[in-house]
Each structure stands twice: as structure tokens, then as C-alpha cells.
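Close look at the chain arrangement
Okay, here's what each chain looks like letter by letter:
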Amino acid sequence: VPDNMGRGYVLRRILRRAVWYGKTFLGAPPGFFHTLVPVVIEQLAYFFPELGKKQAHVMAVLKGEEEDFLKTLDKGVRHFNKVAKKLSESGVKVVPGAEAWFLSSSLGFPLDLTQIMAEEQGLTVDEEGYNAARQAEKALREFYVDGCLRKREAIAKKQSPAVDPASLQPIY
């Protein structure tokens, strides 16, 4: 089952890539992907007989994934196009890593699609900046729990021994 972690994440990325490819390059209508399931099951039933018993479930999961991704895709494409236009107008050829991370983390738009779209427009993506933004967000998540500062003394000492840990207050 598609998920945000592990095998499910890999499956979700493959499904989303297939939906994007179908929409972008094949001109497939929205909602096409799950309709392919009966043909795939017919072709693979000999090797995977359990697929036939789960056809309705597989179709429902794929339909939901496609619907969710199409919403994500539309938002991500609109945002990417705005960024690309600004970059083009200023003569910059690299999508900032922070923008690529925003697309990924906030809009659910995968980095690989950002890279493909960038390449189509003669741009590249700052992967180092993307990874730095991802790490910064990860550190921030570790730093806060339920709006409260966690491990403030350890972090303050590690980053700057001159910072008084008691001076660090939660934002909320």
C-alpha cells in the first residue's frame, strides 16, 4: 500500500511518476490510472493469482492515490512555474534548494519531478541546498515538541557556548 515511509513510499513515488507521465506525455485524462488494473491483472493473473481477488481494493487505492496526487501536481506545477518565471526573468539557471524543498515538503511535489521540469526549462536544481533545507527542517522538528523547546541546553551549548540556555524560550 502506498505510504510515506519504506516500501510504501517507493510504491507511492512510482505511482505518482506513472500518473504524471500519463498526464503530461500521453495526454491521459484524470482518473485513468486505476482503470488499467483489470488489464494488468489479466496479464499477471497466472503469476499472481491473488491479484484477481483484490482487484476492487487495488483499484480503490490507486484511484485515491491518483486523485490526491493530481491535486498536489496542480499546486506544485503552478508554484514551480512561478519560480521558473522569476528565475528566467533574472537570468538565474538554478532552482534554489529551499524552493525545491518547499515544493517537496509543503506541496508534496517530489524532487525528481522538480528536476525533470527544471531540465525541460533549461534549469537545474540546487540539490545541495535542497538537502541542507531538509536537514534544517529535520533539526527544527527535533528541536520542537508540541510547540515547546526541547533539548535547548544541549543545542545551545553545542552551537554557541556563549548562549545562555535559559534565554531560549518557546515561540508559542
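This report concerns the structure included in the present document. Because the structure is predicted, anything quoted here is derived from the model rather than measured.

Each value, and the rule that gives it
- Note that residues are indexed from 1 along each chain, following the sequence as it is written.
- Given that the model is predicted, a residue must reach a pLDDT of at least 70 before its local features are reported, and side-chain atom pairs must reach 80 or more before they are shown or counted; all residues, however, enter totals for whole chains, interfaces and linings.
- Processing note: side-chain calculations cover all non-hydrogen atoms of the structure and skip hydrogens and water entirely.
- Only residues above 30% relative accessible area that lack a salt bridge enter a patch, with like-charged residues linked at up to 9 Å and the nonpolar side chains Val, Leu, Ile, Met, Phe, Trp and Tyr linked at up to 5 Å.
- Residue exposure ignores everything except the shown protein chains as possible cover, and the areas themselves are Shrake-Rupley values with a 1.4 Å probe.
- Whenever Lys or Arg places a side-chain nitrogen within 4 Å of a carboxyl oxygen from Asp or Glu, that contact is recorded as a salt bridge.
- Helix and strand assignments follow DSSP, with helices taken as H or I runs no shorter than four residues and strands as E runs no shorter than two, numbered in order from the N terminus.
- Exposure is judged per residue with a 1.4 Å probe applied to protein chains only, and the accessible area is read against the type maximum: over 50% gives exposed, under 20% gives buried, and values in between give partly exposed.
- Under this scheme, a helix contributes an axis fitted over its contacting stretch, all axes are lines through C-alpha atoms, and angles between N-to-C directions fall in the 0 to 180 degree range.
- Note on terminology: angles under 35 degrees are roughly parallel, angles over 145 are roughly antiparallel, angles of 65 to 115 are roughly perpendicular, and the others are oblique.
- Working rule for handedness: look at the near helix, and if it is turned counterclockwise from the far one by less than a right angle, call the crossing left-handed; if clockwise, right-handed.
- By definition in these notes, contact holds between two residues if any of their heavy atoms fall within 4.5 Å.
- Lys, Arg, Asp and Glu make up the charged group, whereas Ala, Val, Leu, Ile, Met, Phe, Trp, Tyr, Cys and Pro make up the nonpolar group; the residues left over, Gly among them, are polar.
- In this tally, Lys and Arg are treated as positive and Asp and Glu as negative; His is ignored, and so are the chain termini.
- Distance and chemistry together define a polar contact, namely a pair of N or O atoms within 3.5 Å, with one atom able to donate a hydrogen and the other to accept it when in protein, and with adjacent residues in sequence counting only for side-chain atoms on both sides.

**Notes on a nonpolar patch on the surface**
Judged by side-chain polarity, Leu36, Val40, Leu44, Tyr46, Phe47 and Phe48 come together as a nonpolar surface patch covering roughly 640 Å² of accessible area. Examined against the element boundaries, Leu36 turns out to sit in the loop between helix 1 (6-24) and helix 2 (37-44). Judged by its relative accessible area of 40%, Leu36 falls in the partly exposed class.

**Examining the packing of helix 4 (residues 55-90) against helix 6 (residues 111-120)**
Running from amino to carboxyl end, helix 4 crosses helix 6 at an angle of 45°, the nearest separation of the two axes being 11 Å. Here helix 6 runs oblique to helix 4, going by the angle between their axes. Pair helix 4 / helix 6 crosses with right-handed handedness. Here helix 4 contributes Phe69, Leu73, Val77, Phe80 and Asn81 to the contact with helix 6, which in turn contributes Leu113, Thr114, Met117 and Ala118. Of the residues that constitute the contact of helix 4 with helix 6, the class distribution is 7 nonpolar, 2 polar and no charged.

**Thoughts on the environment of Leu62**
Topologically, Leu62 is positioned in helix 4. Overall, the relative accessible area of 13% leaves Leu62 in the buried class. For the pair Leu62 and His34, spaced 28 residues apart in the sequence, the C-alpha separation amounts to 5.3 Å. In this view, Leu62 contacts Leu15, Phe33, His34 and Val37; residues no more than four positions away in its chain are not counted.

**Regarding the side chain of Glu66**
The topology assignment puts Glu66 in helix 4. Buried Glu66, no salt bridge; nearest opposite-charge side chain is Lys63, N-O distance 8.8 Å. A polar side-chain atom of Glu66 sits 3.1 Å from the main-chain amide nitrogen of Gly31. If we skip the residues at most four places from it in the chain, Glu66 touches Val19, Pro29, Pro30, Gly31, Phe32, Phe33 and His34.

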